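If you want the building blocks of each chain, they are given just below.
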Amino acid sequence: MLLAADELLAARYQMALSLGFHIVLSCFGVAFPAMIYVVHRRGIRNDDHDALLLAKRWGKAAAVLFAVGAVSGTILSFEMGLLWPGMMSAYGDVIGLPFALEGIAFFLEAIFIGIYLYGWGRLRPEVHLRTLIPIMASGLFGTFCILAVNAWMNAPAGFTQLPDGTVTDVDPVAAMFNDALWGQFTHMYVATFIVTGFLTASVYAVGMLRGRRDRLHRIGFTVPFVFAAAFAVVQPFVGHVMGGRLIDEQPSKLAAMELATETESRADLIIGGFLRDGEVVGAISIPDIGSLIAGGSFDAVITGFDRIPEDERPPANIVHWSFQIMLAAGFTMIGIAAWYVWRRRRHRDDPDRVFDDPWLLRATVIAGILSVVAMEAGWITTEVGRQPWIVYGYMRTEDAVTSNSGVWISLAVMVVVYTSMAFAASKVLLGMARRWRDDPESDLPTPYGPSGVLRDRDEVEA
């Protein structure tokens with residue numbers, strides 16, 4: 001039993017590492033093509049050389065991130081079967097459809113990224129621009145499919161489970177379109193734009209703080225920042241709607257998020273604090289607001305831990321604090337977005353003066369960090385809050401984990417692999433940025449494409 005618990009802990013750490021690494025890259029795969037589309041379209045419509053140059057550079061950066069994301073995503077798909085064979089053997093037929101469709105979406109995205117990269121100077125401008133549309137669509141659909149699986153783990157549907165554990169009456173479509181799908185998908189889709197937008201804007205904010213205030217930096221800052229700011233304002237409303245289902249469908253997760261020790265209406269809103277020996281300590285309580293936010297009414301009843309069996313309770317302090325950190329980071333980003341809007345309105349006659357405020361630029365760099373923190377904290381809330389269930393109400397995580405030894409070894413290998421990938425990707429991107437900075441008009445070769453000499457020769461011969 002001690003060995004099994006040890007392997008379970010290692011499997012959880014490895015899954016958390018893989019998901020936490022891949023999820024950031026997947027954000028760029030979903031949201032970055034939309035931002036590239038905006039600057040590319042602006043370049044064509046306005047004959048804007050800077051915008052076209054930026055689109056070309058962003059396209060090549062996106063290709064690097066996509067390549068790394070493909071590796072981490074492949075690792076994740078294998079880990080589902082290797083680390084959690086109990087779940088996949090029992091429910092593989094139930095959730096196989098979205099996995100298969102996500103694979104199709106991935107290949108379509110890869111194909112059209114290649115077409116976009118190699119289409120510069122080879123396709124008509126309007127046709128070239130439109131190749132971004134299937135990239136955006138496939139990224140959107142792939143995310144939808146993966147979120148369908150995770151949502152199903154939170155709200156299982158599309159099957160009947162007999163008392164002996166046998167799964168029958170499988171309906172893959174019903175499983176895919178489960179009750180939690182639309183809320184989780186929308187919440188994550190919005191998050192991809194927040195993360196991608198603020199991280200991209202933060203790169204250009206750093207450049208501006210170092211004295212590079214050219215037009216290309218201004219466009220590179222403004223477009224992703226506006227995307228991120230707009231979606232950051234929307235996100236709390238999406239999260240509130242998504243969280244509304246917890247009061248009835250996942251009361252144990254809600255109890256952990258709110259540190260609800262007793263079942264009651266007019267429950268307090270708990271800010272900070274810890275659960276220690278069954279009592280909440282060090283918290284700020286706001287009377288009645290907890291029921292209003294969670295249930296939409298002061299009289300909404302919040303189920304507390306007193307009605308949840310002890311062996312079905314998630315780690316309350318981890319869930320509570322990850323939820324609180326997500327909220328704090330989210331509202332801080334909204335504040336930074338509001339600061340930017342205020343500066344723009346104040347200097348509407350000369351919008352470029354916005355970039356004269358070094359503190360706003362520094363805040364944007366912080367927003368880039370906070371966007372990742374908020375997303376990771378949100379996933380911790382979702383995944384740890386579902387514990388001890390891997391399939392809520394049907395299968396415990398300890399019953400799904402592999403019985404093979406050596407998970408700690410695979411965890412160590414994954415640490416090395418992800419560290420190496422992060423280092424390699426950073427080195428490539430920084431090298432690209434350095435060459436662009438040293439020679440603004442230079443055109444780096446497209447990965448695996450013909451060299452600049454060959455392209456020039458082809459153009460002469462044509």
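It should be noted that the structure appears before, not after, this text.
J.: Mind showing me how you'd approach the overall build of the protein here?
T.: Each helix and strand counted, the protein has 16 helices and eight strands in total. A globule of 462 residues ought to have a C-alpha radius of gyration of about 23 Å, and the protein, at 24 Å, matches this closely. In terms of overall dimensions, the protein has a C-alpha envelope of 75 × 50 × 35 Å along the principal axes. Relative to its 462 residues, the protein shows a buried fraction of 47%. Long-range pairs, those at least 24 residues apart, make up 76% of the contacts in the protein between residues at least 6 apart in sequence.

J.: Teacher, can you tell me more about the environment of Leu292 here?
T.: Note on placement: Leu292 falls in helix α11 (residues 289-295). The spatial distance from the C-alpha of Leu292 to the C-alpha of Ser265 is 9.3 Å, given a sequence separation of 27 residues. In this structure Leu292 touches Ser297 and Phe298, once residues within four positions along its chain are discounted.

J.: I'm lost on a negative patch on the surface in this one. Help?
T.: Residues Glu262, Glu264, Asp268, Asp277, Glu279 and Asp306 make up a contiguous surface patch of negative charge. Take Glu279: it is sitting in strand β5 (residues 279-286).

J.: Would you take a moment to explain the nonpolar core for this structure?
T.: In summary, soluble globular proteins display a tendency toward joint burial of nonpolar side chains. Ile36, Trp58, Phe198, Phe221 and Phe225 are the most contacted members of the largest nonpolar core, which has 61 residues in total. The residues touching Phe221, leaving out its near neighbours within four places in the chain, are Ala201, Tyr204, Ala205, Met208, Tyr340, Phe355, Leu361 and Thr364. If you look at the next biggest cluster of nonpolar residues, it comprises 24 residues, including Ala11, Met87, Ile95 and Val407.

J.: Please explain the side chain of His22 as it appears in this structure.
T.: Among the structural elements, His22 can be located in helix α1 (residues 2-45). Of note is the side chain of His22, whose polar atom sits 3.4 Å from the backbone oxygen of Gly69. At a separation of 2.7 Å, a polar atom in the side chain of His22 contacts the side chain of Ser72. In this view, His22 contacts Gly69, Ser72, Gly73 and Leu76; residues no more than four positions away in its chain are not counted.

J.: Got a minute to help me understand the environment of Val417 in this structure?
T.: By the secondary structure assignment, Val417 is in helix α15 (residues 407-438). Taking the C-alpha atoms as reference points, Val417 and Gly114, separated by 303 residues in sequence, lie 26 Å from one another.

J.: I tried to follow the packing of aromatic side chains on my own but got confused; where do I start?
T.: For any pair of aromatic rings, the description consists of the separation of the ring centres together with the inter-plane angle of the planes. Inspection of the entire model under this criterion finds 28 aromatic pairs. Pairing Phe144 with Trp182 gives two aromatic rings, centres 5.3 Å apart and planes at 50°, and the pair type is tilted. Within this pair, whereas Phe144 is found in helix α5 (residues 132-154), its partner Trp182 is found in helix α7 (residues 181-209), the two being separated by 38 residues in sequence. Since its relative accessible area comes to 8%, Phe144 is described here as buried.

J.: Help me understand unusual backbone geometry in this model?
T.: Here the amide bond leading from Gln387 into Pro388 is cis, since omega sits at 10°, within 30 degrees of zero. Assignment of secondary structure puts Pro388 in the loop between α13 (358-385) and β7 (389-391). The backbone phi angle of Asp169 is positive, close to 50°, even though this residue is not glycine. Looking at where Asp169 falls in the secondary structure, it is placed in the loop between β2 (167-168) and α6 (172-176).

J.: Teacher, can you tell me more about the packing of helix α2 (residues 49-83) against α15 here?
T.: In a packed pair of helices, the relevant descriptors are the angle between the two axes and the axis-to-axis distance. Their axes nearest at 10 Å, the elements α2 and α15 cross at an angle of 175°. By the angle between their directions, the pair α2 and α15 is classed as roughly antiparallel. Facing α2, whose interface residues are Arg57, Lys60, Ala61, Val64, Leu65, Val68, Val71, Ser72, Ile75, Glu79 and Leu83, α15 presents Val407, Met414, Val417, Tyr418, Met421, Ala425, Val428, Leu429, Met432 and Trp436. Taken together, the residues of the contact of α2 with α15 sort by class into 17 nonpolar, one polar and three charged.

J.: Sorry, what's going on with the pattern of salt bridges here?
T.: Side chains carrying opposite charge are able to pair once their charged atoms draw close together. The full count for this structure, using the stated rule, is 11 salt bridges. The partner of Asp48 in a salt bridge is Arg42, and the shortest N-O contact between them spans 3.6 Å. Residue class for Arg42 comes out partly exposed when judged on its relative accessible area of 33%. Across the pair Asp299 and Arg266 runs a salt bridge, and its minimum N-O distance is 3.6 Å. With Asp299 in the loop between α11 and β6 (301-302) and Arg266 in the loop between β3 (264-265) and β4 (269-276), this pair connects stretches of sequence that are 33 residues apart. Residue class for Asp299 comes out exposed when judged on its relative accessible area of 54%. Under the relative-accessibility criterion, Arg266 is labelled partly exposed at 39%.

J.: Hey, could you run me through the layout of surface pockets in this one?
T.: Any empty space left between atoms is shown by rolling a water-sized probe over those atoms. Of the volumes computed, that of the second largest pocket is approximately 1,400 Å³. Around the second largest pocket, the lining comprises 39 residues; the ones closest to its centre are Ala61, Val203, Leu429, Leu430 and Ala433. Broken down by secondary-structure element, the contributors of at least two residues to the lining of the second largest pocket are α1, α2, α7, α8 (215-243), α13 and α15. Per-element accounting of the lining of the second largest pocket gives the leading share, nine residues, to α15. Across the lining of the second largest pocket, the residue classes tally to 25 nonpolar, seven polar and seven charged.

J.: Help me understand a nonpolar patch on the surface, please; the structure alone is not making it clear to me.
T.: A surface patch of nonpolar side chains, about 410 Å² in accessible area, is lined by Ile104, Leu108, Ile111, Ile115 and Leu123. Position of Leu108 among the secondary structure elements: in helix α3 (residues 85-118). Residue classification places Leu108 among the partly exposed positions, given a relative accessible area of 39%.

J.: I'm lost on the pairing of β5 in this one. Help?
T.: Sheet analysis places β4 next to β5, joined by seven bridges and oriented antiparallel. Residue pairing across strands places Ile270 opposite Ser285, the latter belonging to β5. With antiparallel pairing between neighbouring strands as the criterion, β4 and β5 make up a hairpin whose turn holds two residues, including Asp277 at a positive phi of roughly 55°.

Calculation notes
- Residues numbered from 1 in each chain as written.
- Predicted model: local features only at pLDDT ≥ 70, side-chain atom pairs only at ≥ 80, totals over all residues.
- Heavy atoms only, no water.
- Helix = DSSP H or I, 4+ residues; strand = E, 2+ residues; numbered from the N terminus.
- Rg over C-alpha atoms; globule rule 2.2 N^0.38 Å.
- Buried < 20%, exposed > 50% of the residue type's maximum accessible area, 1.4 Å probe, protein only.
- Contact = heavy atoms within 4.5 Å.
- Patch = residues over 30% accessible without salt bridge, like charges linked within 9 Å, V, L, I, M, F, W, Y side chains within 5 Å.
- Areas by Shrake-Rupley, 256 points an atom, 1.4 Å probe, with all protein chains shown as cover.
- Salt bridge = Lys/Arg side-chain N within 4 Å of Asp/Glu carboxyl O.
- Lys, Arg positive; Asp, Glu negative; His and termini not counted.
- Charge placed at Lys NZ, Arg CZ, Asp CG, Glu CD.
- Core = buried A, V, L, I, M, F, W, Y, C linked by side-chain atoms within 4.5 Å.
- Polar contact = N/O pair within 3.5 Å; in protein donor to acceptor, adjacent residues only side chain to side chain.
- Phe/Tyr/Trp six-rings, centres within 6.5 Å; stacked < 30°, edge-to-face > 60°.
- Axes fitted to C-alpha atoms, helices over the stretch in contact; angles between N-to-C directions.
- Parallel < 35°, antiparallel > 145°, perpendicular 65-115°, else oblique.
- Nonpolar A, V, L, I, M, F, W, Y, C, P; charged D, E, K, R; others polar.
- 1 Å grid on protein atoms, 1.4 Å probe; cavity = no way out; pocket = protein on both sides within 12 Å on 5 of 7 lines; lining within 4 Å.
- Points joined across faces, edges and corners; volume = space filled by probe spheres on them.
- Pairing = 2+ DSSP bridges.

By themselves, these are just geometric observations and shouldn't be taken as functional.
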